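Summary of the model geometry
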Amino acid sequence: MRLRGRGCVAAGLVSVLVWVLMALAGCAGGEREGAAPTRTREGAAPTRAETSEASPTPVNPVSIPGLIARPHTGSDLRLGAVLARTAAYTSHAVTYEADGLTISGIMNVPEGEGPFPALVLAHGYIDPAVYTTGRGLAREQDLLAREGYVVLHTDYRNHAGSDDDPDNDVNLRLGYTEDVIGAALALRDSGRPEIDGDRIGLLGRSMGGGVVYNTLVVAPGLFDAAVVFAPVSSRPAENIDHFQRPDGDPVVAEIEAAHGTPASNPTFWREVSPLTYVDRVTEPLLIHHGTADATCPLAWSERTAAEFEAAGKDVRLIKYPGEGHTFAPQWPTSMRRTVAFFDTHLR
């Protein structure tokens, strides 16, 4: 049996003589593994606090603290087939590794001499059954590449050519946050001369806006700046009540069976909201939202911006009178502001 403690070597002696010699040498303070705890002067066994520090309460892996505690990986950015060529950029099919999964996407690489700052794009909700690679932010992919940014549009897990994660929907799609973090890490790790891995921004739309909020609190400092368009609520329970429950989505029952309701398990629902951890954010955030958005109410962005401001964060909410969820008439204006914002923080 291995002994703990220095200078307690009694090779060649029987076990009884070992303990006698240790006692005489004053080495009995080293405990052997599995030995009963030393008795106190009163004869009572010491308390847990007296023998060791109390073990920390494990975090729920399906939570923002769970994502914070988990080590994230992103690597092996691979450019595949050329999907399009323009005078301004070349569009490639890509894959990368994120926390053990292969994620597909599209990357636009500007023409000219790099390295160029990079942007990760997080699209809104599109049924994975009909989703095709790169779908959801086509206008933004094109314009931002023409402005001299490498643009990596992630498909997310369970979409297009990405690996499957069967628990993602029941786990409130937190896996999309891991995919975005992995995209940034893969850009940094790529070693490609056209990519400046030290200058990376993040843009999300609708559901992707919620992914951006999560990413900012889980991985502060990974990105240099973030922009969201018409984002969902920063409170997941509110999104479920607004989008899934009215449609009779059967996943709602699965979510509540696995994690409880806000009434029965308030701790869980508090821990999946990025607003609970807004104090961790370090990046400037720009929010675009139309006053006539019938899909994601403006009030959601107003509340999120107020929470960021209360925490002393660099946030700006721009409201677009009469603009709806998809940003049509005022999209060019919103993108000019977006490019200026990224130019300020990434160039």
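Scroll up to find the structure.
What you are looking at is a predicted structure, and each value in this text was computed from that prediction instead of being measured. (Residues numbered from 1 in each chain as written. Predicted model: local features only at pLDDT ≥ 70, side-chain atom pairs only at ≥ 80, totals over all residues. Heavy atoms only, no water.)

Residues Met107, Leu187 and Leu285 are the most contacted members of the largest nonpolar core, which totals 61 residues. Once residues within four sequence positions are removed from consideration, leucine 285 is found in contact with Tyr213, Leu216, Ala226, Val227, Val228, Phe308, Asp314, Val315, Arg316 and Phe341. (Core = buried A, V, L, I, M, F, W, Y, C linked by side-chain atoms within 4.5 Å. Buried < 20%, exposed > 50% of the residue type's maximum accessible area, 1.4 Å probe, protein only. Contact = heavy atoms within 4.5 Å.)

This part takes up the layout of surface pockets. In this model, the largest pocket occupies a volume close to 600 Å³. Listed by contribution, the elements that provide at least two residues to the lining of the largest pocket are α5 (175–189), α6 (207–218) and α7 (236–244). Per-element tally for the lining of the largest pocket: the top contributor is α7, with five residues. Considered class by class, the residues forming the lining of the largest pocket number 14 nonpolar, 11 polar and five charged. (1 Å grid on protein atoms, 1.4 Å probe; cavity = no way out; pocket = protein on both sides within 12 Å on 5 of 7 lines; lining within 4 Å. Points joined across faces, edges and corners; volume = space filled by probe spheres on them. Helix = DSSP H or I, 4+ residues; strand = E, 2+ residues; numbered from the N terminus. Nonpolar A, V, L, I, M, F, W, Y, C, P; charged D, E, K, R; others polar.)

This paragraph deals with the pattern of salt bridges. Tallied over the entire structure, the rule returns 15 salt bridges. Glutamate 178 is the partner of arginine 70 in a salt bridge, and the nearest nitrogen-oxygen pair spans 3.1 Å. Of the two residues, arginine 70 is situated in the loop between α3 (64–69) and β1 (74–85) and glutamate 178 in helix α5; the sequence distance between them amounts to 108 residues. Assessed through its relative accessible area of 26%, arginine 70 is described here as partly exposed. Residue lysine 319 is joined to glutamate 302 by a salt bridge in which the shortest nitrogen-to-oxygen separation is 2.8 Å. (Salt bridge = Lys/Arg side-chain N within 4 Å of Asp/Glu carboxyl O.)

To continue, consider the pairing of strand β7 (residues 225–229). Along β7, five of the five residues are buried, which leaves the element largely enclosed by surrounding structure. Burial of β7 is two-sided: the residues Ala225, Val227 and Phe229 facing one way and the residues Ala226 and Val228 facing the other way are all buried. Looking at chain direction, strand β6 (residues 195–205) and β7 are connected through five bridges and run parallel. Counted as the bridge partner of glycine 204 is valine 228 from β7. The parallel pair β6 and β7 is bridged by α6, and the resulting crossover is right-handed. Both β7 and strand β8 (residues 285–290) contribute to a ladder of four bridges, which runs parallel. Paired with valine 228 across the strands is isoleucine 287, a residue of β8. (Pairing = 2+ DSSP bridges. Right-handed = clockwise from strand over helix to strand, strands pointing away.)

Over its 12 residues, α6 runs 17 Å from end to end, which matches the ideal 16 Å to within 8%, given 1.5 Å per residue. Within α6, 12 of the 12 residues are buried, which leaves it mostly tucked inside the rest of the structure. Burial in α6 covers these residues: Met207, Gly208, Gly209, Gly210, Val211, Val212, Tyr213, Asn214, Thr215, Leu216, Val217 and Val218. (Expected span 1.5 Å × (residues − 1).)

Locating threonine 282 in the fold gives a position in the loop between α9 (266–271) and β8. Judged by its relative accessible area of 55%, threonine 282 is exposed. For the pair threonine 282 and leucine 222, spaced 60 residues apart in sequence, the C-alpha separation works out to 9.4 Å. Setting aside residues up to four positions removed in sequence, threonine 282 forms contacts with Pro220 and Gly221. One polar contact links the side chain of threonine 282 to the main-chain amide nitrogen of glycine 221, over a distance of 3.1 Å. Within polar-contact distance, the side chain of threonine 282 engages the side chain of glutamate 283 at 2.9 Å. (Polar contact = N/O pair within 3.5 Å; in protein donor to acceptor, adjacent residues only side chain to side chain.)

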